[in-house]
Amino acid sequence: MSKPSDLVQGTLDMLLLKILALEPMNGFAVSQRLKQVSGDVLQVSDGSLYPALHKLEQEGWITAEWKTSEYGRRAKYYSMTRLGRRQLEKEADNWGRLSSAISRVIKLKEA
Amino acid sequence: MRPEHWLFTIPLRLRSLFRWAQTDQELDDELRDHLERKTEEYVAQGMAQEEAHRRARLDLGGIEQTKEKCRDARKVSWIQDFVQDLRFGVRVLRKSPGFTAIATLTLALGIGANTAVFSVVNGVLLRPLAYQESNQLYLIQVVWSQMSKFYPLIPANLPGYQIWRKQSHSFEDIAIAEGTGTDLTGAGEPKEIHGVRGSANLFSLLGVSPALGRDFLPMEDESGRGRVVILTNRFWRGYFHSDPAVIGRAIILDGVPFTVVGVLPASFHFPTQLGQLTTFGREIDFFEPLNGPKDDERDLVGEFDFAAIGRLRTGMSPEQALAELNVIQAQISREVAKTDTGVDLSAAIIPLEFEVVGAARRGLTLLLAAVGVVMLIACVNLANMMLSRIPGRMREAAIRTALGATRWQLFRRMLTENLLLGILGGALGVWLGRKGVMWLVRAAPPGLPRLDEVHMDSRVLWFAVLLSLFTSVLSGVLPAWRASKADVQEALKSGGAAAGESQGSRRLREALVGIEVGMSTALLIVAGLLTSSLFHLLRVDPGFATEKVLTVDVDLPPQRYSEPTARLHFYNALLDRLRGLPGVHASGWVSRLPLEGETSVTGLDVPPGGPSHFPANFRTASPDYLAAVGIRLLHGRIFSESDRGRKVVVVSESVAQRFWPGQNPIGRTCLTFWGGKEEDEVIGVVGDVRTVKLDAAPVMMVYVPDWFGGKNLRVPQSAGIVVRTSGDERGVEPSVREAIHAADSEVPIVAMRSMSEMVSESVAPRRFQMLLGLLFAGSALFLASLGIYGVIAYSVEQRRRELGIRSALGAQVSDLHRMILRQGMTPVAAGLLTGLSGSLVIGRLIESLLFGVKAADPMTMGTVAFLVTIVALLACFIPSRRASRVDPMVALRYE
């Protein structure tokens, strides 16, 4: 239905962790930020965003609390945990290795 | 995962599990908040409120689906699903109490019976003997090749044991034991108690230490030292009321004081029998040390009465041990050959565990198989009942599918119902099983070893739990799979009620009925064969009178009756008293009664100088014993007073046929070796007698008169008194008891039974087998008939409309009957044929349990086929009658 088919498996987790590493925010803000920073390239539907956030929460990488926002609205704010930070480092490392490997392969083909 | 990780995740999981509603509410709030913000954003971009809201919802891709995915992310949803399935299952089962009750009962019966039988199998066969490293223990027996045709294995004797123990290196140690009986005197009446006389190392060899007091000391089994006893826990509890002060106290056994030095733990059990010829009895009261060899126990080739148990040295193989023993046995044979001929000895060893349960193995395996078949039938029946409920539930399944339930969810839900039935049935079954074990232990014949160790332990409970789970799942998978295949279109279109049973489903149900009938038939035939065996056995001529004969076992206190003449005097004086009693026709005494087993097996040379040391049973009998017990005289005459002092014997028919075939044995001589060498004249031939049990062939028997042996009289310490009455043998019991008391008030009566009771006791194992066989076969047939009834009744219900149309179109009642019967009886006939042919195979497996009847017995097979057919017809007939009464108007109005 709303599979992020244009995202490599597992990279959504990493992106979400990265965004939450900057500051705690609620789900809506995360979706906005995702669109904004990727320049609308990464289209993550709202339908896959929330299950992904809940999964990260269950893994203990992010934690959630209900806060009243600046406009007096109650919303669920997600923030990064220590475990999450470690996980992000690991995934970023992996990602770096993977992407450089892939670009080397691509260049090899062109040559 | 690291523990640190769990610190976060476990509370979260628990929260989603137990604060389910709150977690879900939060999810709801979160998504609503998201929708509101998104809508606001779209509105800000210039969209109309309505349109903005719609777009926001579309972006989320179905609120319920997204929620479900979020719930799945919590990883505890399966538990909630399961709880929900359980709740639903309980509701469904409560809605049809009739079905639930029958299904639960079916399961409970199966599980109960299986649990009970498994408890016995577990106690007798599976649990190792409660000795230390019991798999290293071996029973050592002697092979005397000249005797091996009659007695393949004989027990050990003391001189041989002493040589083995000194010379063998393969065994860490060897112990020896024999059964003994003695009179306990002191407070109240003299009491006959049973014990074991053994070497001092017996308990240390088995790895058992007394619960109270001490073990025997190493040298305590030597001559003159062993005036000590160790009591069994049971005896200590019963006789001494668990008094710990009993240690150090003296008890009087056969008039001699013995000091109690120890009490064994309650968990200790000694085998009731080791080898064919060494019995210890079911209830052992005490253990005493050997007290050295008695005078007659010093002979290298005499008194083979002891069970020898060896503990194999670690690293030694049984083969090595046996080879070493055989070397030692060959030395002994060479030693014996200096003075005697015809003695070639070797040895045989068998694992103690195997020996203890050996004979029971086959019977118990059969029992387990039979009860397993009952369980299978119960399973099939349950599956059948479930299947028959499917069409009624097709509509429900279809609606669920239409609402988005997956096949897996439907399947899971149906299976959960079965699991619930399994839990209910299992709980009830364990309760029934407990009752069953108690009944089995009480009803089981005395021959079954280790029966006192049978109880429900954790292994049995696990067995019951697994069995309930297994059966409920096994009987549920097929129906659940079929139900989950519901065709939405069909089921909804036809409105459920008329959605008839599909062809395939009916075939399946009929096949299941066929299987049930087949298995029940096979079980019934086995039960029938066992029953027929028992009846054949009871018709066997035992060779003695079973009516109007009272038997009494007496045991003379050895202190006062140490002289054979004193014993003879007592017996004859007692006979004089008995003869004078009103209602007593004749009486006599014998050294051992029929059916009480072999004893005094010694050599017979016939004719003198011919084959030597031919083993025969010897019995000392008073002159009138043979007539009193009703043993038939075939040739010559029996002892009379005029023979007194002459060297005469009476032999059994099989001895006469073996040695003087086609000749007249009367007046011939034979050489007997009972206590000494003696040449005797045969004065009579009497009929053979069942000596061991009814289904064991008669043994070679030599009867000798009470004056046999000259100075070395063979008058036994314990004897069987036989009283032939003119009326009911029970009537003379009090006067016989009085007569014995009057002859000597200190002589205990070990047992007083009528001969018919003895016969009945001797067939007790068979009666027990038959009873269980009939019980299981009966329940199998009952379950199968339920199955047949279920299929037919259901099919009649489904075809009500069709039947109505048929009868409206002029079908006669008999036509309808015939149609339904044909449908019902087809699977029965197929099952019957399968069962009959299967029983031929099974019959061959149990051939050794049969007596006087072949495995393929046409009579039994015919009877069973007839019985099954009648029951099946009856099961078909009830619903068929209902079908023929269908009023066409009513049936059609149903639509």
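Every chain is numbered independently, its residues counted from 1 as its sequence is written. Each chain is given a letter, starting from A, and each ligand a number, starting from 1, according to the order in which they appear as written. Since the coordinates come from a predicted model, pLDDT governs what is reported: local features require at least 70, and pairs of side-chain atoms require 80 or more to be given and counted, while whole-chain, interface and lining totals use all residues.

## Some details on the overall build of chain B
Phase 1 of the analysis: Secondary structure summary: chain B contains 25 helices and 21 strands in total.
Phase 2 of the analysis: The exposure label follows from counting other C-beta atoms within 10 Å of a residue's C-beta, where the C-beta atoms are placed from the backbone and the thresholds are 20 or more for buried and 12 or fewer for exposed, leaving partly exposed in between. Relative to its full complement of 895 residues, chain B shows a buried share of 42%.
Phase 3 of the analysis: By the convention adopted here, residues are in contact when the distance between their C-beta atoms, placed from the backbone, does not exceed 7 Å. For chain B, the share of sequence-separated contacts (at least 6 apart) that also reach a separation of at least 24 residues comes to 82%. Under the DSSP-based scheme used, a helix requires at least four consecutive residues in state H or I and a strand at least two consecutive residues in state E, with every element numbered from the N terminus.

## Topic: the overall build of chain A
Phase 1 of the analysis: In terms of helices and strands, chain A carries 4 helices and 3 strands.
Phase 2 of the analysis: A buried classification covers 31% of the 111 residues belonging to chain A.
Phase 3 of the analysis: Pairs at least 24 residues apart make up 55% of the contacts formed inside chain A by residues separated by at least 6 positions.

## Some thoughts on the sheet that holds strand β3 (residues 74–80) of chain A
Residues and elements named next belong to chain A.
Phase 1 of the analysis: Here the rule is simple: two strands pair whenever DSSP picks up at least two bridges between them. The strand order β1-β3-β2 describes an open sheet built from 3 strands, whose pairing is antiparallel. Among the strands making up the open sheet, the edge pair consists of β1 (25–26) and β2 (62–68).
Phase 2 of the analysis: Where β1 lies against β3, 2 bridges are found, and the strand directions are antiparallel. Across the sheet, M25 pairs through a bridge with Y78, a residue of β3.
Phase 3 of the analysis: Each axis is a line fitted through C-alpha atoms, and for a helix only the stretch in contact is used; angles between axes span 0 to 180 degrees, taken between their N-to-C directions. Helix α1 (residues 11–22) rests against β1, β2 and β3 of the sheet, and its axis sits at about 100° to β3.

## Let's talk about unusual backbone geometry
Residue and element names in this part refer to chain B.
Phase 1 of the analysis: Even without being a glycine, H241 presents a positive backbone phi close to 50°.
Phase 2 of the analysis: Along the chain, the position of H241 falls in the loop between α9 (233–240) and β6 (250–253).
Phase 3 of the analysis: For H241, a count of 8 C-beta atoms within 10 Å corresponds to the exposed category.
Phase 4 of the analysis: Even without being glycine, D254 reaches a positive phi, approximately 50°.
Phase 5 of the analysis: On the secondary structure map, D254 appears in the loop between β6 and β7 (256–263).
Phase 6 of the analysis: Overall, D254 belongs to the partly exposed group, with 19 C-beta atoms counted inside 10 Å.

## Concerning the packing of helix α23 (residues 813–845) of chain B against helix α24 (residues 858–884) of chain B
Angle between the axes and distance between the axes are the two parameters that describe a pair of packed helices.
Residues and elements named next belong to chain B.
Phase 1 of the analysis: The contact between α23 and α24 brings their axes to 9 Å, and the two run at 150°. Taken as axis vectors, α23 and α24 run roughly antiparallel relative to one another. Helix-helix and strand crossings are classified by hand; for α23 and α24 the assignment is right-handed. Contacts from V813, L816, H817, I820, L821, G824, M825, V828, L832, L836 and S839 of α23 reach α24 at M861, A865, V868, A872, C876, S880, A883 and S884. Roughly parallel here means an angle under 35 degrees, roughly antiparallel means over 145, roughly perpendicular means 65 to 115, and every remaining angle is called oblique. We call a crossing left-handed when the near helix sits turned anticlockwise from the far one by less than a right angle, and right-handed when that turn is clockwise.

## Side note on the interface of chain A and chain B
Bring the parts together and some accessible area is lost; that lost area is often taken as the interface size.
Phase 1 of the analysis: Between chain A and chain B, the residue contacts involve 18 residues of the former and 21 residues of the latter.
Phase 2 of the analysis: Of all elements in the fold, only α2 (27–37), α3 (46–59) and β3 of chain A reach the threshold of two or more residues within the side of chain A that touches chain B.
Phase 3 of the analysis: No other element matches the 8 residues that α3(A) contributes to the side of chain A that touches chain B.
Phase 4 of the analysis: Polar here means any residue other than Ala, Val, Leu, Ile, Met, Phe, Trp, Tyr, Cys and Pro, which are nonpolar, and Asp, Glu, Lys and Arg, which are charged; Gly is therefore polar. Its residues placed into classes, the side of chain A that touches chain B shows 6 nonpolar, 8 polar and 4 charged.

## Examining the pairing of strand β20 (residues 718–725) of chain B
Residues and elements named next belong to chain B.
Phase 1 of the analysis: The element β20 is extensively covered by neighbouring structure, given that 7 of its 8 residues are classed as buried.
Phase 2 of the analysis: Two elements, strand β12 (residues 584–590) and β20, share 6 bridges in a ladder whose sense is antiparallel. Within β20, the position partnered with W589 by the bridge is I721.

## As for the environment of H585(B)
All names here are of chain B.
Phase 1 of the analysis: Within the element layout of this structure, H585 appears in strand β12.
Phase 2 of the analysis: Considered as a pair, H585 and G727 are 142 residues apart in the sequence and their alpha carbons are 9.1 Å apart.
Phase 3 of the analysis: If we ignore the near neighbours within four places in the chain, the residues touching H585 are R724, T725 and S726.

## Let's talk about the packing of helix α15 (residues 503–538) of chain B against α23(B)
All names here are of chain B.
Phase 1 of the analysis: Between α15 and α23, the least distance of the axes is 7 Å, while the angle of their chain directions is 40°. Judged by the angle between their axes, α15 and α23 are oblique. When you trace α15 past α23, the crossing you get is right-handed.
Phase 2 of the analysis: Here the residues of the contact of α15 with α23 sort into 15 nonpolar, 10 polar and 2 charged.

## Focus on the nonpolar core
Residues and elements named next belong to chain B.
Phase 1 of the analysis: One nonpolar core equals one set of buried Ala, Val, Leu, Ile, Met, Phe, Trp, Tyr and Cys residues connected by C-beta atoms within 7 Å. Grouped together as the largest cluster of nonpolar side chains are 158 residues, with contacts concentrated most on V374, A378, L523, V526, V702, A780 and I788.
Phase 2 of the analysis: The biggest single contributor to this core is helix α11 (residues 352–402), with 18 residues.
Phase 3 of the analysis: Formed by 59 residues, the second largest nonpolar core is a distinct cluster that contains L137, Y138, V142 and I154.

## Some words on the pairing of strand β14 (residues 614–621) of chain B
All names here are of chain B.
Phase 1 of the analysis: Within β14, 7 of the 8 residues are buried, which leaves the element mostly enclosed by the surrounding structure.
Phase 2 of the analysis: Bridge analysis of strand β13 (residues 601–605) against β14 gives 4 bridges, and the strand direction is antiparallel. Paired with G603 across the strands is P615, a residue of β14.
Phase 3 of the analysis: Across 5 bridges, β14 lies against strand β19 (residues 701–705) in parallel orientation. Bridging from a neighbouring strand, A621 pairs with P705 of β19.

## With respect to the confidence of the model for chain A
Phase 1 of the analysis: Within a predicted model, pLDDT stands for the predictor's per-residue confidence, ranging from 0 to 100. Considering every residue of chain A, the mean pLDDT works out to 80; 84% of them sit at 70 or more.
Phase 2 of the analysis: Note on residues 1–6 of chain A: pLDDT under 50 across the span, and 12 contacts to partners over four residues away in sequence or across chains.

## Comments concerning the environment of A116(B)
All names here are of chain B.
Phase 1 of the analysis: By secondary structure assignment, the location of A116 is in helix α6 (residues 97–126).
Phase 2 of the analysis: Owing to 27 C-beta atoms within 10 Å, A116 belongs among the buried residues under this scheme.
Phase 3 of the analysis: With 317 residues separating them in the primary sequence, A116 and G433 have C-alpha atoms 4.6 Å apart.
Phase 4 of the analysis: Beyond its immediate chain neighbours, meaning those up to four positions away, A116 contacts G433, G436, V437 and L440.

## Points about the confidence of the model for chain B
Phase 1 of the analysis: Mean pLDDT over chain B stands at 83; residues scoring 70 or higher make up 93%.
Phase 2 of the analysis: Of the two predicted TM-score estimates for the complex, the pTM is 0.66 and the ipTM is 0.83.

## Observations regarding the environment of G226(B)
Residue and element names in this part refer to chain B.
Phase 1 of the analysis: With respect to the helices and strands, the residue G226 is situated in the loop between β4 (212–213) and β5 (228–231).
Phase 2 of the analysis: When the 20 C-beta atoms within 10 Å are taken as the criterion, G226 is described as buried.
Phase 3 of the analysis: Sequence spacing of G226 and L290 is 64 residues, and the spatial spacing of their C-alpha atoms is 6.9 Å.
Phase 4 of the analysis: Contact partners of G226, with chain neighbours within four places excluded, come to E220, D221, E288, P289, L290 and N291.

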